[in-house]
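Topology and contacts: notes
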Amino acid sequence: MKLGKFFEKHRIRGIRATWLKNFVLVSVILVSVVSLAAGLLVRWYYYNAVSMAIESLDTNLVQNYFSSYLNTTEEQFESGALRFIEEFSEKDKMEVWVINEKGEPIVTSSGFGISDDPVMPDYVDVFSSADEVGKWTGKNEYGEKVMALTIPIENPQNGEYTSKAAIRYIVSLEDIESQLLVIYLYIFIAAVIIIGIVFVSGRYFISSIVNPVEELSKTVNKVATGDYTARVNYKEGNDEIHSLCSNINSMLEEISGMDRMKNDFISTISHEIRTPLTAVKGWGETLLQIGDKDPVMLQKGLEVIISESGRLSELVEELLDFSRMQNGALKMKKEKIDILAELDETVFVFRDRSVREGIDFVYTAPEEPAPMFGDPNRLKQVFTNVLDNALKYTEQGGKVTVNAVIVPDGYLNIYFVDTGCGISPEDLPKVKEKFYKTSINYRGSGIGLAVADEIIKLHDGEIKIASVLGEGTTVKIILPLEKVQQALSESEKE
Ligand code: ADP
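Residues numbered from 1 in each chain as written. Predicted model: local features only at pLDDT ≥ 70, side-chain atom pairs only at ≥ 80, totals over all residues. Heavy atoms only, no water.

Okay, the nonpolar core next. Of all hydrophobic cores here, the largest spans 48 residues; its most connected members are Ile339, Leu343, Val402, Phe416 and Ile477. Sort the elements by how many residues they give to this core and helix H10 (residues 376–392) lands first, with seven residues. The residues touching valine 402, leaving out its near neighbours within four places in the chain, are Leu343, Val347, Phe361, Val362, Tyr363, Thr364, Leu387, Ile414, Tyr415 and Phe416. (Core = buried A, V, L, I, M, F, W, Y, C linked by side-chain atoms within 4.5 Å. Buried < 20%, exposed > 50% of the residue type's maximum accessible area, 1.4 Å probe, protein only. Helix = DSSP H or I, 4+ residues; strand = E, 2+ residues; numbered from the N terminus. Contact = heavy atoms within 4.5 Å.)

So this is what it looks like as structure tokens:
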């Protein structure tokens, strides 16, 4: 079966397949080659040790010993051979044969007989190649693996031997072969263990990448079908993959937040547009019917139409501000102002309204001026929004207090306290978010506080809101005065 089909059958795809094909396959080949080389090296080492043991025998001694037996009778040669074997000291390590002048092995140190047709290529070699030493490794006539070395008894004269007599040393390799088999087995086991470790650790490593990537892909697919609640499910860790998963989850959090904002925007704004439009349309139709027959109704109708259109323009202004804020284009036209004078002006407008709405209104502020660099219109817009909320969410008979305090560290704190409906602890952290409204029963786009917060931040200030449901709300605006602003801009420059 082809590798590709095998992978397909076992559902091994993508990075796993590439890893299996490249890394594991290469590791298997590499470990096999190294194991084979190690096996061959050990074999060479053992064989070399045997070979050196045979080659280290003193051949001159043999030739000296037998020189007096050459050209004697067969019996004399044989008795000389028997004595040589008796005196041979390495009998326990190797077998030694004496071969007579006719080329027949006549005595052996093994104590056993010699077969009629012995396999001895080393002997044949030594006379055919005039090489003085013949060496051979192979299987003898009994199928036993041996290493043999033949030394001619006579020194060659002009490369020719007159006698075929020789001494043959034979070492059995059977013990070595069985030892080698055990070593091969160890090498094989070590290779399997190494490949196993490579495979298991690699699989773990690949899974630690592939699993989160698969999870990422699943999540992205869900998001692509419009499910912004999908999140990447991953185990905690501190590598790049985990930080990618965590970043994608943060991004999805942002996207779902924006999706929620879009939905809030559509529902809030359509509601906010529909209410004044209904009023304008209703009064328009009524006025069309009554004409100028009822001047009081006409007056009232026109007033409603004007105020509702004014509300629509305010809404459009708020939306434009919001859009500028989103694009980072909410620019402040800052100049040196007395911020308390701006607050006075705004409060003045709301005092009348609170009287109209039957809400007790208290305003206290220091006499001294509070100089700062700021955009007077934008800051008035913030006070208007906060005061509008305080009155809007406070019932008749309630109380709204505005209290400005210059604190010694150079900040102006303005407290807008109302005894209105209050905000629940769950809603409180979200009221500064865009389009967030705690109830659709009140009119409002849900943008006011978000824009106010941005404007105050652009003046290096802060808006803090505290509230108890059913008891009332306190909005605290903190603004840095001129001295602090100068220090801030200097430290920014540095
Ligand atoms: P809106 O134009 O709807 O008032 P804001 O951004 O000004 O929008 O306010 C966001 C929400 O915060 C309001 O919908 C209201 O639920 C809550 N909120 C703000 N000020 C007050 C307040 N003084 N008392 C009670 N709830 C308030």
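Attention now moves to a nonpolar patch on the surface. A cluster of nonpolar side chains, contributed by Val182, Leu185, Tyr186, Phe188, Ile189, Val192, Ile193 and Ile197, occupies part of the molecular surface with about 800 Å² of accessible area. With respect to the helices and strands, valine 192 occurs in helix H6 (residues 174–224). (Patch = residues over 30% accessible without salt bridge, like charges linked within 9 Å, V, L, I, M, F, W, Y side chains within 5 Å. Areas by Shrake-Rupley, 256 points an atom, 1.4 Å probe, with all protein chains shown as cover. Salt bridge = Lys/Arg side-chain N within 4 Å of Asp/Glu carboxyl O.)

Look at helix H8 (residues 295–326): 46 Å from first C-alpha to last across 32 residues, which is about the 46 Å you get at 1.5 Å a residue. Of the positions making up H8, those classed as buried are Gly301, Val304, Ile305, Glu308, Leu315, Asp321, Phe322 and Met325. Where H8 is buried, its residues contact helix H7 (240–290), H10 and helix H11 (448–457). In the stretch just after H8, glycine 328 is the one whose phi turns positive, near 70°. (Expected span 1.5 Å × (residues − 1).)

Contacts to the ligand come from 20 residues, most closely from Asn389, Tyr393, Asp418, Thr438 and Leu449. Between an oxygen atom of the ligand and a side-chain N or O atom of asparagine 389, the distance comes to 2.8 Å. Here an oxygen atom of the ligand sits 2.7 Å away from a polar atom, N or O, in the main chain of leucine 449. Among the cavities detected, the one that contains the ligand is the largest pocket. Put simply, the parts of the chain that give the shell around the ligand at least two residues each are H10 and H11. When residues of the shell around the ligand are assigned to their parent elements, the largest contribution, four residues, is made by H10. Along the lines of polarity and charge, the residues of the shell around the ligand split into eight nonpolar, nine polar and three charged. (Near = heavy atom within 4 Å. Polar contact = N/O pair within 3.5 Å; in protein donor to acceptor, adjacent residues only side chain to side chain. 1 Å grid on protein atoms, 1.4 Å probe; cavity = no way out; pocket = protein on both sides within 12 Å on 5 of 7 lines; lining within 4 Å. Sits in = over half its atoms within 2 Å of the grid points. Nonpolar A, V, L, I, M, F, W, Y, C, P; charged D, E, K, R; others polar.)

Turning next to the side chain of threonine 150. Its place among the elements puts threonine 150 in strand E4 (residues 145–152). Here the side chain of threonine 150 touches aspartate 122 through a polar contact of 2.6 Å, side chain to side chain. When near neighbours in sequence (up to four residues on either side) are disregarded, threonine 150 contacts Asp122, Tyr123, Val126, Glu132, Val133, Gly134, Ala166, Ile167 and Arg168.

Structural measurements only, silent on function.
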